[in-house]
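Descriptive structure summary
What follows is the residue order along each chain.
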Amino acid sequence: MKIILLTGASSGIGYQTAEVLAKEGHKVYGAARRIEKIKELKKFGVVPIKLDVTDEKSIEDAVNQIIKQDGKIDVLINNAGYGSYGAVEDVSIEEAKRQFEVNLFGLARLTQMVLPYMRKQNYGRVINISSMGGRLTSFMGAWYHATKYALEGFSDALRMEVKQFGIDVVLIEPGGIKTDWGLIAADNLEHSSKGGAYEETAKKAAAGMRKQYSSNMLSKPMVISKAISKAINRRRPKTRYLIGMGAKPLVFFHTVLPNRWFDFIMKNAS
Ligand SMILES: NC(=O)c1ccc[n+]([C@@H]2O[C@H](COP(=O)([O-])OP(=O)(O)OC[C@H]3O[C@@H](n4cnc5c(N)ncnc54)[C@H](OP(=O)(O)O)[C@@H]3O)[C@@H](O)[C@H]2O)c1
């Protein structure tokens, strides 16, 4: 039984994963801003915890609450994130910074807070939810991909640093997963392009995203929850789990095709 802190537990992948891990017998602290959405999971033993990953005090309070209660954190699952889609010309630098605050710096601060407790017990797992979008780029997702590419480098570097303390770092790289993520990204894309040069293209791309994320062609969050479970329960987890709709073939094509061919595929994907 592990003590687990899981961010982004109010929706999608995080919500499903909290349920799966709690049912396996782990003690799961499910964190998010919309704490009311996590209350349903209490029946499985999940402990809701209020957390805004962009707020230093909120991060400190969440970690301190768990340490006070259980004295340790064995597994940190950094899952909270969103897609700030929009043309580079249209997305303000302020919004780009917010995207990095949520998808990278908040995650990094939380990791910094948790590592001393993992070092003390000479054991820990940090599981970072990246994306296939950390290894390839979709249309009009510059800032989102910038955060996920950064997370890939950050995680590879961290893994080398903390190995000596018995801590492992694992990247989960989901493909298309049916959650609110795509609808939020589509809204951001459409909103950012209003009245500008990219409005028409953005509208079309956003409509494609909505169609994709409302259909049943995407993988279910359970696919990712199972990979996360493996990363926790295996004695020696893989460093990367590339999994879910489109992930393996798209990363393969991105590796073997000339860049402009791949651009064409991604631009016309939706
Ligand atoms: N769905 C996909 O196709 C897909 C593919 C590849 C990677 N991913 C990644 O998977 C992760 C989970 O996404 P999802 O698909 O499950 O999307 P989702 O259903 O929209 O869930 C996102 C979660 O992140 C939390 N969050 C957002 N901003 C936050 C903040 N400032 N502080 C704390 N929590 C915050 C949300 O909680 P609150 O709003 O309640 O705080 C929510 O629980 C993300 O990192 C995403 O980039 C998703």
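Here's a quick rundown of the structure. Because the structure is predicted, anything quoted here is derived from the model rather than measured. (Residues numbered from 1 in each chain as written. Predicted model: local features only at pLDDT ≥ 70, side-chain atom pairs only at ≥ 80, totals over all residues. Heavy atoms only, no water.)

Thoughts on the overall build of the chain
To keep it simple, the criterion reads: A run of H or I in DSSP becomes a helix once it reaches four residues, and a run of E becomes a strand once it reaches two; helices and strands are each numbered from the N terminus. As defined in this context, the radius of gyration uses C-alpha atoms, and a globule is described by 2.2 Å times the residue total to the power 0.38. Note on classification: 1.4 Å probe, protein chains only; a residue is buried when its accessible area is under 20% of the maximum for its type, exposed when over 50%, partly exposed between these limits. In this description, contact between two residues means that some pair of their heavy atoms is separated by no more than 4.5 Å. Using a 1.4 Å probe, the Shrake-Rupley method yields the accessible areas, and only the shown protein chains count as cover for residues.
Scanning the chain from N- to C-terminus turns up 9 helices and 7 strands. Relative to the compact-globule value of 18 Å for 270 residues, the chain shows a C-alpha radius of gyration of 18 Å, a close match. For the C-alpha atoms alone, the extent of the chain along its principal axes is close to 55 × 40 × 35 Å. The 270 residues of the chain split such that 49% are buried. For the chain, the share of sequence-separated contacts (at least 6 apart) that also reach a separation of at least 24 residues comes to 70%. Total accessible area on the chain stands at roughly 13,200 Å², and carbon and sulfur atoms take up 54% of it.

Observations regarding the side chain of Ser10
Its location among the elements puts Ser10 in the loop between β1 (3–7) and α1 (12–23). With relative accessibility at 9%, the residue Ser10 sits in the buried group. In this view, Ser10 contacts Tyr15, Ala32, Arg34, Lys37 and Ile38; residues no more than four positions away in its chain are not counted.

Details of the packing of aromatic side chains
What counts here: Between the rings of Phe, Tyr and Trp (Trp by its six-membered ring), a pair exists once the centres lie within 6.5 Å; its type follows the angle of the planes, with under 30 degrees stacked, over 60 edge-to-face, and the other angles tilted.
For the coordinates displayed, the defined rule picks out 7 aromatic pairs. Note on Tyr144 and Trp181: the rings are 5.0 Å apart at their centroids and 55° apart in plane angle, and the pair reads as tilted. Separated by 37 residues along the polypeptide, Tyr144 in helix α4 (residues 142–162) and Trp181 in helix α5 (residues 181–193) bring together distant segments of the chain. Residue Tyr144 is classed as buried on the basis of its relative accessible area of 6%. Put simply, the rings of Tyr85, Tyr144, Trp181 and Tyr213 touch in pairs and so form one group of aromatic residues.

Some thoughts on the site of the ligand
We apply this condition: Nearness here has a simple test: a residue counts as near a molecule or strand if at least one of its heavy atoms is within 4 Å of that partner. Two N or O atoms form a polar contact when they lie within 3.5 Å of each other; inside protein one atom must be a possible hydrogen donor and the other a possible acceptor, and for residues adjacent in sequence the pair counts only when both atoms belong to side chains.
Close contacts around the ligand come from 31 residues, with Ser10, Ser11, Tyr144, Thr179 and Tyr213 the closest. In the environment of the ligand, an oxygen atom lies 2.9 Å from a nitrogen or oxygen atom belonging to the backbone of Ile177. Elements with a minimum of two residues in the shell around the ligand: α1, α4 and α5.

Comments concerning α5
This is how the line gets drawn: Helix span is expected to be 1.5 Å times the residue number reduced by one.
The end-to-end C-alpha separation of α5 is 19 Å, in line with the 18 Å expected for 13 residues at 1.5 Å each. Those residues of α5 lying buried are Trp181, Gly182, Ala185, Ala186, Leu189, Glu190, Ser192 and Ser193. Looking at the buried side of α5, the elements it contacts are α4 and α6 (199–214). Of the residues flanking the end of α5, it is Gly195, one or two places downstream, whose phi is positive at about 80°.

Concerning the sheet that holds strand β4 (residues 75–78)
How we decide: Each pair of strands is called paired provided DSSP finds at least two bridges between the two strands. Here an axis means a line fitted to C-alpha atoms, over the contact stretch when the element is a helix, while the angle between two N-to-C directions is reported on a 0 to 180 degree scale.
Pairing is parallel in the open sheet, where 7 strands are placed in the order β3-β2-β1-β4-β5-β6-β7. Sheet topology places β3 (47–50) and β7 (240–243) at the edges, where each strand pairs with a single neighbour. Across the sheet, the axes of successive neighbouring strands diverge by a mean angle of 15°, strand direction being ignored. Strands β1, β4, β5 (124–129) and β6 (167–174) of the sheet are contacted by helix α3 (residues 93–120), whose axis makes an angle of about 170° with β4. Most of the contacts of α4 go to β6, to which it runs at about 160°, and overall it touches β5, β6 and β7.

A closer look at the environment of Leu51
Among the structural elements, Leu51 can be located in the loop between β3 and α2 (56–70). Overall, the relative accessible area of 4% leaves Leu51 in the buried class. Among residues more than four places away in sequence, those in contact with Leu51 are Thr7, Ala31, Ala32, Arg33, Ser58, Ile59, Ala62 and Leu110.

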